[in-house]
Amino acid sequence: MVHVYNCHPFASQQIVPTDQEPGLFCCGGDALFVVSAGGCRIEAFQLQREEECTLLCRFATMGKVLSIAHSEIGDYLVTIEEKSKATYLRAYTNWRYQAVEKTRVAVRMLGHFLRGSSFRAAPKEQMEIIEIPLFDPPLCFSCCQVTGDLLVGCRKSLVLFSLKKQDVNDPLSVLDFERSLIVHVPGWTPTRVCFCDGYVAIQMELEILIVKLEHFHQQPTNDNVLVSKDINTSIDIEDKGLMRQVPQADVSQLEQDDFYICQKHQELLGEEARECGVSVTLEWTGMEHEAGDSLGVSYILYRRFAPDYFQGHTVEETHLHSLQLLPIFTVTSSQDLSCEKKEREPLSMFCFLSMPNTGYLYSIRNGVELISSYQYPEKAQQAVLSNQFLHVITRNALQCFTVRCSAVAARTEDPYVDTTMKACPPFTMDVCALRIQLFIGLKALCHFKNHVILLTKAAVDGDGGSGRGPKKAPQVKDQKILTGIFLAIDLKSPSPGLERLLSRSLSSKKSTSTKQRVLSESGHGWNLYVVNTVSTLHLYSEMVEYSKKYETSSPQAQSCIHLLSEAHLLLRADLLDPGVRDPAERGELEAAFRESCAQLGDCYSRFDKRDFHLALPYYKMSGLSVTDVIERNVAFSQKSKSFGKGFLFYLKHSLYEESSEELSEETAGQVLHIFSTAEPSQLPHLVCSPCMLHANHATAFTCLEKLEATFPSVIVTLTKAAVALKMENLEQYKTEMGRHAEMLQVYGFIEEPKLLLLLSHEGKSIEPTALAHHLKETQEGLLVASVVALHENNKVKLGEADTFFKELCRETGDEKDGPQLLVDFWEALLVASTQEAVIQELLFKLSTVYIDRISTKENSGIKPLKTAEDLINSCSHYGLIFPWVSVITPSDFNMDHHYQEDLQKLQSLLSGPSLDPSSIFPLLEQLSDNESPGLSIHVLCATKLGDYESCIDKLLERCPQAIIPYANHELQHEKQPLWWQKVLPELCKKTKCEGNENNTFLSSLKETLLVVAMELDPLDFLNLIPDDGTAAFFLPYVLECSQKNLMT
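Here we summarise the structure given alongside this text.

The next point concerns the sheet that holds strand E7 (residues 64-71). With respect to topology, five strands assemble into an open sheet ordered E7-E8-E9-E11-E10, the strand pairing being mixed. Strands at the two margins of the open sheet, each flanked by one partner only, are E7 and strand E10 (104-109). This sheet shows a mean twist of 25° between the axes of neighbouring strands, independent of strand direction. As paired strands, strand E9 (residues 86-93) and strand E11 (residues 126-131) are joined by four bridges and run antiparallel to one another. If you follow threonine 93 over to E11, its bridge partner there is glutamate 128.

Take a look at the structure:
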């Protein structure tokens, strides 16, 4: 469906003051090139906004020009010329020097730089004509808008010429071309080709093929590189490409019977296009490929059309036309047009092609997709695509359609589009015709920047100088054309005003040129118009005003949003355009863009549209504050008596999660009223929002009471308690908190974390609420359990929870080693958590705190929520303390109770299965092993690391009474040999040194001998007895060992 609007994209027109009837023309470099009807002279005119076209220069060509184009890169002209029944391809460089009369012209062959005296004589004022030789006559060509390279279509192949720039004398540089590649497409004789950034589009009468030349690090497949000998088909299909698969014998018979074979419609996208049956092979001719990567072919698109002759077109009229590749650059991806090739890379690439009644726009970069289809009201003769519009000419009308290029490019440029952050109108949106302007006898069309160039040739009678007499018949015919236009666009009964506006031909306006045209002898009149388009800002303003009519007449209709979306895309296209460099102009565009986002946000917020959620990103992009958005929608709601879904959706996201704006008391009251009316269930979340800090507490409490009377819940009760606390009504607070058990209250805090903590807009700071401060003083266990539940339900991260408790306990002054409440949280989370990364981090944090407290002997004196015994019984990470540890630090050890708890918790962690002692080994330097607490920790860590011998030495040196409990517990299984390899020898030495005075060593030696005697053979046991030992002392153990051996 095509929407039709009566906008005015055209501002004014000029008549190009050509001396002779124009035959061909093209644009580029702020110039209009006109080839006279004879075809042997080119005139260049300066294109200026709102000013008369002035002649830049004119120069003769070497033959009759059959085709002409201009390349922005290199600023050169390319022509196909005919002379003496031969066809030539020529390039005209430095054509601007022809503005000076009697300027010399040099003619040379491709690749032959002139270095003689004649070249040096006038190097800055010499136009060059470069002859480009070809094996086959050229049929069509295309200049790359990115590199300036030239692709030429011939009868049997496509030839690619690379643009070269050679510096001769500073600052003189000479352009030249090098034939670098031949693309063989067997069975295809192109009627038109397009080339841009490696994309090659080939058009036949009813077929289109798009491929891309890409560099591959690996050798591509043979069908893309080598030229096969049997690539030619069995028939000659120079004129009828559609018949390439029909046997030769059948073709002649069909031609005799006047049959025309048409194949069925087919569309293949991406790699599927490789199955089209068209083989594309490459033949290298340049030198650069030898040092570079291999070049291969990727298939992009193949489409074959089956003509519908019931539309009223003849066979000759039914063919493709207006093939075009359009690159979209951005401010960041593009440089100045005069930059060296390969410095610019398009953000997006589009392909346009057209049948007589329908045009098709494809996006072919980053995937292939049909973006839009354009249904013309009558047969189109030519169409030209730009980044903002599609201009189409029929026999008697210039039509201006909108395009979706900026919508596709915006999504490619910004990954945040189509999220809650940013939005853009969809490229699948219906296209619209902004204007259908009547002209008489349109023949050709060209577009450059803000200029549309039209060639008209109208048949008139030879008598009469003014030509007024024969105008009545065309007016009646134009009225019939108008009726056909209305029917084609489903406009059954247009208003009389729209008919008058459409029928008012722009050509009737006063021309900027006063020169009178004289009819030719053959009785035909012609004109070459330069139609200037209005500025984007002017057209945007007109479309906004136009949309207000739809908003007034039919607020629920899609036309208002559709028109505003079209205006939005116009602004996007200009903001993406790197040619808009003026800071003032770009500033105006950005301001209009923000205004456009606000208007779209209004549309999506006020009506129950399917896409109401788009109100959020559009309002964000507008830069409006939450207060501004509320004021805009409250004013509208007074008329509509309701609030739209989009507005409520925006408020919920902005107030709950993302906005740091604090609303005034009046605005906060409005918000309370809005949600009390529209969505009362959201009131608890709303009241907890930091944006509602200045809301009237009494009003909020009243709203919550009304909600609780209808829908009672834990979260409503907790929110009422929080509001009562703000009102300093402790009795009401206790009443509300006493209504539910603590476990249910924990679920309420999970549902609304803002009851306890508020995160900043950027998530860099956390502020505890008044309720959290009160719970710290009255219900620490509930507070810790709630934050643990928030962490386990992914409501807060571990670092955020740490910050929360540090902020909460800042006034206690115990932040050095961590507030006790924070340690309680770590211990409770260690009990509940199942995430290994979190567990290891918690183990390290707790070990660090325990070691710091033991080493510094400083403690706040605050009683922990859980004792060591509680943790051992409830948490698997806390193990039973080893018996020998209790020998080193007995429970009645002379130590403060709080330090005793911290020491036992650390000992329990080291006795458990989870803590890796190597992670805290550097921290042990704070603990001296000369004291019993430090000694127990050092021995525990060394034991878990497997260093038993050092542990035995330390215990024998500092706590010998623990050696036997240690050995009984640790020296088991594969470690048992340490009894006689380490413990027994060391005890013998200690006993000998100390004598009978040290009963500890003596008793330990006796217990060790009993263990060794039970485990070893008599001979091995005898070998362990020291040579200077007393026989009477060791004899009982030898007998015990012998008796054990006899029994076994």
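A contiguous nonpolar patch, built from Met743, Leu744 and Tyr747 and spanning about 340 Å² of accessible area, is present on the exposed surface. By secondary structure assignment, the location of leucine 744 is in helix H18 (residues 742-751).

As a further point, take the packing of helix H4 (residues 405-413) against helix H8 (residues 559-576). Following both chains from N to C, one finds H4 and H8 inclined at 55°, their axes separated by 9 Å at the closest point. Classified by the angle their axes make, H4 and H8 are oblique. In this structure, H4 meets H8 at a crossing whose hand is left-handed. Taking contact as the criterion, the partners of Ser406, Ala407, Ala409, Ala410 and Glu413 in H4 are, on H8, Leu569, Arg572, Ala573 and Leu576.

Let's shift gears to the pairing of strand E5 (residues 41-46). With respect to burial, E5 is a largely interior element, five of its six residues being buried. Taken together, the five bridges between strand E4 (residues 31-36) and E5 define a ladder with antiparallel strand orientation. Bridging across to E5, valine 34 finds its partner in glutamate 43. Remark: four residues form the turn of the hairpin made by E4 and E5, two consecutive strands paired antiparallel; glycine 39 in that turn has positive phi of roughly 85°. Two strands pair when backbone bridges link them, and E5 and strand E6 (residues 54-60) are joined in this way by six bridges, in the antiparallel orientation. Bridged to glutamate 43 within E6 is arginine 58.

Attention shifts here to the packing of aromatic side chains. Applying the stated criterion across every chain yields a total of 19 aromatic pairs. With 6.5 Å between their ring centres and 70° between their planes, phenylalanine 352 and tyrosine 374 make a pair best called edge-to-face. Of this pair, phenylalanine 352 sits in strand E23 (residues 348-354) while tyrosine 374 is found in strand E25 (residues 369-375), placing the two residues 22 residues apart along the sequence. Taking the relative accessible area as the measure of exposure, phenylalanine 352 reaches 0% and is therefore buried. Exposure remark for tyrosine 374: the relative accessible area of 1% places this residue in the buried category. Both rings, one in tyrosine 604 and one in tyrosine 618, keep their centres 5.8 Å apart while their planes meet at 5°; by these two values the pair is stacked. Linking tyrosine 604 in helix H9 (residues 583-606) with tyrosine 618 in helix H10 (residues 615-622), this pair joins segments that are 14 residues apart in sequence. Summarising the burial analysis for this pair, tyrosine 604 and tyrosine 618 share the class buried. Through pairs of rings, three or more aromatic residues link up here, namely Phe352, Tyr374, Tyr376 and Phe401.

Cut-offs used in this document
- Residues numbered from 1 in each chain as written.
- Predicted model: local features only at pLDDT ≥ 70, side-chain atom pairs only at ≥ 80, totals over all residues.
- Heavy atoms only, no water.
- Pairing = 2+ DSSP bridges.
- Helix = DSSP H or I, 4+ residues; strand = E, 2+ residues; numbered from the N terminus.
- Axes fitted to C-alpha atoms, helices over the stretch in contact; angles between N-to-C directions.
- Patch = residues over 30% accessible without salt bridge, like charges linked within 9 Å, V, L, I, M, F, W, Y side chains within 5 Å.
- Areas by Shrake-Rupley, 256 points an atom, 1.4 Å probe, with all protein chains shown as cover.
- Salt bridge = Lys/Arg side-chain N within 4 Å of Asp/Glu carboxyl O.
- Parallel < 35°, antiparallel > 145°, perpendicular 65-115°, else oblique.
- Left-handed = near helix turned anticlockwise from the far one by under 90°.
- Contact = heavy atoms within 4.5 Å.
- Buried < 20%, exposed > 50% of the residue type's maximum accessible area, 1.4 Å probe, protein only.
- Phe/Tyr/Trp six-rings, centres within 6.5 Å; stacked < 30°, edge-to-face > 60°.

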